[in-house]
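# Architecture at a glance
Chain by chain, the residues run as shown.
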Amino acid sequence: MRLGVLDIGSNTGHLLVVDAHGGAAPLPAYSFKQPLRLAEHLDDSGDVTEAGIEALTAFTRDSVQVAEEKGVSEMLAFATSAVRDAGNSQQVLDHVHAETGVEIEVLPGDDEARLTFLAVRRWFGWSAGRLAVFDIGGGSLEIAAGLDEQPYVAWSLPLGAGRLARSYFGDRPAEEELRELRRMIRASIAEDAGRILRDGQPDMAVATSKTFRSLARICGAAPSGEGLRVRRQLPLAELQRWIPKLLEMSLEELSELPGVSSSRAHQIVPGALVAEACLDIFDLPAFEICPWALREGLILDRLDHLSFIGSANVGRSE
């Protein structure tokens, strides 16, 4: 079947069209995306602004047309932390539904972590052993760990790169402000770190999504043009060598780094601080980078559900 996954993230709206069926990896067929930066379209009260609502509505309307043109039979639409945490979340969703007919599901943070974990487990397989998975989005950081396809712990923290950029990097922060930001990030991550560490070190620590991929590329990982299956890592030592340089760079200089787009350049430094804290607090020398993340997890979860229904129907017919 041809599925469309409409991902309303804190940074980007992304429609991914895939050919998918049970027992096979989802095969990307088409990608349509636009920078929405909803995490930065918030007013002082935490509501999505009118400009943000209109941008989301226009993108959703365009995505419906693209999905129809590409022969999509079912579209899964979901939103993450920027809409989830907005004070006017329901108003945003109602407006988009009224204007486009699309019902967008808001994913709770722990579900976001759970589905990302599923995607990583399927990518690396059972030989990866006990997995710990980290995902820095625009609005939140998701962490999950487990031995099976469902993590035994999964949680979300408001430490997204876009959120931190908006709150702390309107101007270059002073040294004391930077120290306080580091302290806050590390205290937030460390508060529940024992949920993973009490069972010892994970067999594999994995990072997903754009911020981690960009940081890995800066630190020497292979470019995307070399293919999905090339091993990529984000080593702590190399990241720590780069962070002082990143702090001194202008936005123009950051956007010229490998793997960094101009629309996300302002998020690289806060993203690097969160990544460094995760590696350091969990005593990890490096992250493995996984090309699959939340979208793929949602697709796999949907296929599993359809396979379960199909097998149940077969059982009844017999």
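Residues numbered from 1 in each chain as written. Predicted model: local features only at pLDDT ≥ 70, side-chain atom pairs only at ≥ 80, totals over all residues. Heavy atoms only, no water.

### Comments concerning the overall build of the chain
- Looking only at helices and strands, the chain features 12 helices and 11 strands.
- Rg of the C-alpha trace for the chain: 19 Å, near the compact-globule value of 20 Å for 318 residues, within the 12% margin.
- Dimensions of the chain, computed from C-alpha atoms along their principal axes, come out at roughly 65 × 45 × 35 Å.
- A total of 318 residues make up the chain; the buried ones form 51% of that total.
- Counting only contacts in the chain whose residues sit at least 6 apart along the sequence, the fraction spanning at least 24 positions is 69%.
- Of the roughly 14300 Å² of accessible surface on the chain, a fraction of 49% belongs to carbon and sulfur atoms. (Helix = DSSP H or I, 4+ residues; strand = E, 2+ residues; numbered from the N terminus. Rg over C-alpha atoms; globule rule 2.2 N^0.38 Å. Buried < 20%, exposed > 50% of the residue type's maximum accessible area, 1.4 Å probe, protein only. Contact = heavy atoms within 4.5 Å. Areas by Shrake-Rupley, 256 points an atom, 1.4 Å probe, with all protein chains shown as cover.)

### Topic: the UniProt feature "domain: Ppx/GppA phosphatase N-terminal" (unreviewed entry) in the chain
- Mapped onto this numbering, the UniProt entry annotates "domain: Ppx/GppA phosphatase N-terminal" (unreviewed entry) at residues 30–304.
- Helix makes up 48% of residues 30–304 and strand 16%, whereas the separation of the span's terminal C-alpha atoms amounts to 22 Å. (UniProt positions renumbered as here; feature names shortened; annotations may be inferred.)

### Observations concerning the pattern of salt bridges
- Counted according to the given criterion, the structure contains 20 salt bridges.
- Measuring nitrogen to oxygen at the nearest pair gives 2.8 Å for the salt bridge that ties Arg 2 to Asp 19. Within this pair, whereas Arg 2 is found in strand S1 (residues 2–8), its partner Asp 19 is found in strand S2 (residues 12–19), the two being separated by 17 residues in sequence.
- Here the residues in one salt-bridge network are Arg 84, Asp 85, Glu 112 and Arg 163, joined through shared partners. (Salt bridge = Lys/Arg side-chain N within 4 Å of Asp/Glu carboxyl O.)

### Focus on the environment of Ile 218
- With respect to the helices, strands and loops of the structure, Ile 218 is situated in helix H8 (residues 209–218).
- Taking the relative accessible area as the measure of exposure, Ile 218 reaches 6% and is therefore buried.
- In this structure, the C-alpha to C-alpha distance between Ile 218 and Leu 257, residues 39 residues apart in sequence, is 6.6 Å.
- If we skip the residues at most four places from it in the chain, Ile 218 touches Trp 242, Leu 257, Pro 258, Val 260 and Ile 268.

### Comments concerning helix H11 (residues 268–281)
- The end-to-end C-alpha distance of H11, which contains 14 residues, comes to 20 Å, matching closely the 20 Å that a straight helix rising 1.5 Å per residue would cover.
- Burial of H11 is extensive: 12 of the 14 residues sit out of reach of the surface.
- Following H11 by one or two positions, Asp 283 has its phi on the positive side, about 55°. (Expected span 1.5 Å × (residues − 1).)

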